[in-house]
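# A look at the structure
Residue-level listing of the chains:
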Amino acid sequence: RSAAAPPPPPETFGAYTKASQENNGVTAMINMLIQELDKEMTVAEAEEKDAQEDYETMMQDSAEKRAADSKSITEKEAAKADTEAALQQHQDDKAATAKELSATLEFIASLHAECDWILKYHEVRKEARASEIDALGKAKAVLSGADYSLLQTSGSVRRAVA
């Protein structure tokens, strides 16, 4: 074995200090954390108060909007009902007018048929009327005492010729 001296021991924690000095640093750090926490809590409370006011304002605005929307819906439903009633009335009026038009067209068609018949048989009726007037005149003459028994009428001559 060698007679050399052993190496020195490794360094450890360094020089000795009192525990009170370390506690001062820790206490200061804890105090600083407490101050920061107090500040953060104050900020959080202010933000929460602002958020609560915003929420209450929003809820009030929402309630007013719901009331306005409800009123608007009621007014629109009333307007729709009025419009539907007017539409029904117009449809009824249209149906009545169409029925009246149909009756008028039927009447016009019957008048047209009547006029066509009158135009078609006008000459025949005119001759028949003239023949009646002539026959009435002869009958009046016979009643007055005239004698037509020996006279030949133009109609008889035609029959004989034809």
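Residue numbers run consecutively from 1 along every chain, following the written order of its sequence. Where totals are concerned, whole chains, interfaces and linings use all residues; where local detail is concerned, this predicted model gives features only for residues with pLDDT of at least 70, and gives and counts side-chain atom pairs only at 80 or more. Computation of side-chain values: all heavy atoms of the structure, hydrogens and water removed.

Scanning the chain for helices and strands turns up 3 helices and 0 strands. Strands are runs of DSSP state E lasting at least 2 residues, helices are runs of H or I lasting at least 4, and numbering of each runs from the N terminus. Seen in sequence order, the chain has helices and strands lined up from the N terminus as α-α-α. Relative to its 162 residues, the chain shows a buried fraction of 1%. Note on areas: Shrake-Rupley, 1.4 Å probe, and residue coverage restricted to the protein chains presented here. Accessible area for the chain stands at about 15,400 Å²; split by element, carbon and sulfur atoms hold 60% of it. Exposed residues in this analysis have more than 50% of their type's maximum accessible area, buried residues have under 20%, and partly exposed residues fall in between, with area computed by a 1.4 Å probe over protein chains only.

Let us look at the pattern of salt bridges. Whenever a carboxyl oxygen of Asp or Glu lies within 4 Å of a side-chain nitrogen of Lys or Arg, that contact is scored as a salt bridge. Within this structure, the stated rule accounts for 3 salt bridges. Across the pair Lys65 and Asp69 runs a salt bridge, and its minimum N-O distance is 3.1 Å. One end of the pair, Lys65, and the other, Asp69, are both in helix H1 (residues 19-120), 4 residues apart, so they sit about a helical turn from each other. Judged by relative accessible area, Lys65 falls into the exposed class, the value being 53%. Lys80 serves as the salt-bridge partner of Glu84, at 4.0 Å between the closest nitrogen and oxygen. Of this pair, Glu84 and Lys80 both sit in helix H1, separated by 4 residues, roughly a single helical turn.

What follows deals with helix H2 (residues 122-144). Given a helix with a known number of residues, its expected span is that number minus one, times 1.5 Å. The terminal C-alpha atoms of H2 lie 33 Å apart, and with 23 residues this matches the ideal 33 Å at 1.5 Å per residue to within 8%. Positive phi shows up at Gly145, right after H2, with a value of about 120°.

A separate point is the confidence of the model for the chain. Here the chain averages 85 in pLDDT, while 81% of its residues score no lower than 70. Along the chain, pLDDT gives the predictor's confidence residue by residue, from 0 to 100. Mean pLDDT across the elements of the chain bottoms out in helix H3 (residues 154-161) (48) and peaks in H1 (92). This model gives residues 157-162 a pLDDT under 50, and the stretch forms 1 contact once residues within four places in sequence are excluded. Two residues qualify as a contact provided that any one of their heavy atoms is within 4.5 Å of a heavy atom in the partner residue.

Next up on the list: the packing of aromatic side chains. Stacked, tilted and edge-to-face pairs are distinguished by plane angle, under 30 degrees for stacked and over 60 for edge-to-face with tilted covering the rest, among Phe, Tyr and Trp rings (Trp via its six-membered ring) whose centres lie within 6.5 Å. The tally for this structure, following the rule as stated, stands at 1 aromatic pair. Aromatic side chains Trp117 and Tyr121 sit 5.3 Å apart centroid to centroid with 45° between the ring planes, which places their arrangement in the tilted category. Looking at Tyr121, the relative accessible area reads 31%, which means it is partly exposed.

Moving on to a nonpolar patch on the surface. Patch definition: residues with relative accessible area over 30% and no salt bridge; like charges joined within 9 Å; nonpolar side chains (Val, Leu, Ile, Met, Phe, Trp, Tyr) joined within 5 Å. Taken together, the side chains of Leu101, Leu105, Phe107, Ile108 and Leu111 present a nonpolar region at the surface, about 490 Å² in accessible area. As for its placement among the helices and strands, Ile108 is situated in helix H1.

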